[in-house]
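Letter by letter, the chains look like this.
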Amino acid sequence: METVFYISAAIAVLSTLMVVTRRNAVHALLYLIVSLLAVAVILFVLGGPMVAVLEVIVYAGAIMVLFVFVIIVLNIGHEAVRQERQWLRPGNWIGPALLTGVLAAELVYILAGRAAGVASGEQVSPAALGASLFGPYVLGVEMASLLLLAALVGAYHLGRRTTTRQEQGSDGIDKR
Amino acid sequence: MSPTAVYLVTIFGLLIAVFTLSAGLIWYERRLLALFQDRYGPNRVGPFGLLQSVADIVKIFFKEDWVPPFADKPVFVIAPAVIIVATLMSFGVVAFAPGVMVSDLNVGLLFFLAMSSMGAYGVALAGWSSNNKYSLLGGLRAAAQVISYEVFMGLSLMGVVMMAGSFNLVRIVQAQERMWFFLPQLVGMAVFMVAGFAETFRIPFDLPEAENELVAGFHTEYSGMKFAFFFLGEYIGISLVSAMLVILFFGGWLGPVLPPLAWFFIKTFIFISFFILVRGSLPRPRFDQLMAYGWKVMLPLSLANLVVTAGILLWRRS
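All values reported here derive from a predicted model rather than from experimental measurement. Here the residue numbering is sequential within each chain, running from 1 through the sequence in written order. Lettering for chains starts from A, numbering for ligands starts from 1, and both go in the order in which the items are written. Local features in a predicted model are, by the rule used here, given only for residues with pLDDT of at least 70; side-chain atom pairs are given and counted only at 80 or more, and totals for whole chains, interfaces and linings are based on all residues. With hydrogens and water set aside, each side-chain value is computed from the structure's full complement of heavy atoms.

K.L.:
Give me the overall build of chain A: which residues, what numbers.
P.N.:
Along its length, chain A carries 8 helices and 0 strands. Here a helix means four or more residues in a row that DSSP labels H or I, a strand means two or more in a row labelled E, and each is numbered from the N terminus. For chain A, the α and β elements follow one another from N to C terminus as α-α-α-α-α-α-α-α. In chain A, which comprises 176 residues, the share counted as buried stands at 22%. Residue contacts follow a heavy-atom distance rule, with two residues in contact if any of their heavy atoms lie within 4.5 Å. Excluding contacts between residues fewer than 6 apart, the proportion of contacts in chain A whose partners are at least 24 apart in sequence is 61%. For the exposure calls, accessible area comes from a 1.4 Å probe over protein chains only, and a residue counts as buried if that area is under 20% of its type's maximum, exposed if over 50%, partly exposed in between.

Listed below in structure tokens is the structure:
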């Protein structure tokens, strides 16, 4: 199981690097999907099949499809690729690369100080997950649902047609 | 035989069975549609035209494998494979009979939902990478349709999960020994069936490839084996949704006298035929009607089903 963990972790890291360096937005998104799937495999190996599958359903399956949808709607072509090429000059890399390097060093420091215990987790059943979500963590669930409600109301507000315009055309079509 | 050998035999047997059945379904659908429409259908190649699919496959193999120069080549090539892989992965958790399955995953049902949502990429990316107006519109429609219908596809199944108390497909079938779930979960079954039609892009939900407005939609630029992959993917999808309907609502392999595997295939074939009957009888809606139907009718229905089922279960327990 540990080999599976390391392979999928390597895939996740590699594909995430590819996400950042791709010039074509759709190619970058495809690598992001691969990265998410690799993370799902890691979660599965760590004993959380439910979380792994939810990761695929929610992130890889729903949110990323929305991203692909939006990018298709925007119809990004060669123009955007050229712009991206300008942005991805080596000079612009130095700052982010330094900051990430510090983070990576910290991570190595933490990992070196502890006994490695990967792939030793026990399986968490869906029922146990549900019980703990609606038991000790119910406040978090409720707060997340409030946040989602606010987002929903906001989306509704942005998406609705103004009443004055609707009155102009009797069939609901704007006739300006 | 050792467990590994049994495992390998199950996997390859399943692969061969699914591919042959799906290719055979193309002939079956054409014959059945012809029957509904009072004509003959393909009846020249072999007895009853049975070898029609073989002839088609041979023809398609010898076609030129052409990628349009304006297309995004890597994505264009990957897209058909994504559809086939995603649908075949779902077959890994389908419980055909006691012991006859590839993986007895304890979140099998969720795995099926995850894989069916991955299938959307194949269609959306095929539409995008073709770099063609009609394909793009088809891909857009596919993405929007899958996002909307996936929501209540998952919700409609939660009633079944609550009654069986598990996401495991074997447990779900075993829980139906007294009564098949389609009786108490009639609403859930109806919603799931509609969502299944939408997820496989079958008439009346085949707007991504609506031939009278979008040429052939997302696969306009595809030909040869790649086109055949989309076609095959659609039929594998039909078999998959029919198999899931049988497992979740019609008792899976359960039935008297005949062996379990036979019952499973008989039931699945009834639903595949139903899919074809619907294709022969329903017209295609407009896209806004499709969206309105999904969000205004199916979503509230599946939510109501969820609440009522949970309420009754709680009331019975107390």
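Structure shown, so let's carry the discussion forward.
K.L.:
Give a description of the interface of chain B and chain A that names residues and reports values.
P.N.:
Residue-level contacts link 24 residues of chain B with 25 residues of chain A. Defined here as a combined quantity, buried area equals the accessible surface (1.4 Å probe) lost by two parts on assembly, summed across both. With both chains or domains summed, chain B and chain A bury close to 2100 Å², and 82% of this area falls on carbon and sulfur atoms. Criterion for a salt bridge: a side-chain nitrogen of Lys or Arg within 4 Å of a carboxyl oxygen of Asp or Glu. In this assembly, chain B and chain A are joined by 0 salt bridges. Counted as a polar contact is a pair of N or O atoms within 3.5 Å, where, for protein atoms, one must be capable of donating a hydrogen and the other of accepting one, and residues adjacent in sequence contribute only when both atoms are in side chains. Here chain B is connected to chain A by 3 residue pairs in polar contact (both at pLDDT 80 or more). Mapped onto the side of chain B that touches chain A, the elements with two or more residues apiece are α3 (73-91), α4 (108-129) and α5 (133-164) of chain B. The biggest single contributor to the side of chain B that touches chain A is α4(B), with 11 residues. Any residue that is not Ala, Val, Leu, Ile, Met, Phe, Trp, Tyr, Cys, Pro, Asp, Glu, Lys or Arg is counted as polar, Gly included; the first ten are nonpolar and the last four charged. When the residues that make up the side of chain B that touches chain A are grouped by side-chain class, the tally is 20 nonpolar, 2 polar and 2 charged.

K.L.:
Mind laying out the confidence of the model for chain B, listing which residues take part and the relevant values?
P.N.:
One number per residue, pLDDT, summarises how confident the predictor is, and it ranges from 0 to 100. The pLDDT averaged across chain B works out to 85; a share of 100% of its residues lies at or above 70. Scoring the predicted complex yields pTM 0.82 and, for the interface, ipTM 0.79.

K.L.:
I'd like to hear about unusual backbone geometry, residue by residue, with values.
P.N.:
Residues and elements named next belong to chain B. We note that D38 has phi near 60°; this positive angle belongs to a residue other than glycine. With a phi close to 55°, F48 is a non-glycine residue in the positive phi region. You can see F48 is positioned in the loop between α1 (3-36) and α2 (52-61). Using a relative accessible area of 61% as the deciding quantity, one classes F48 as exposed.

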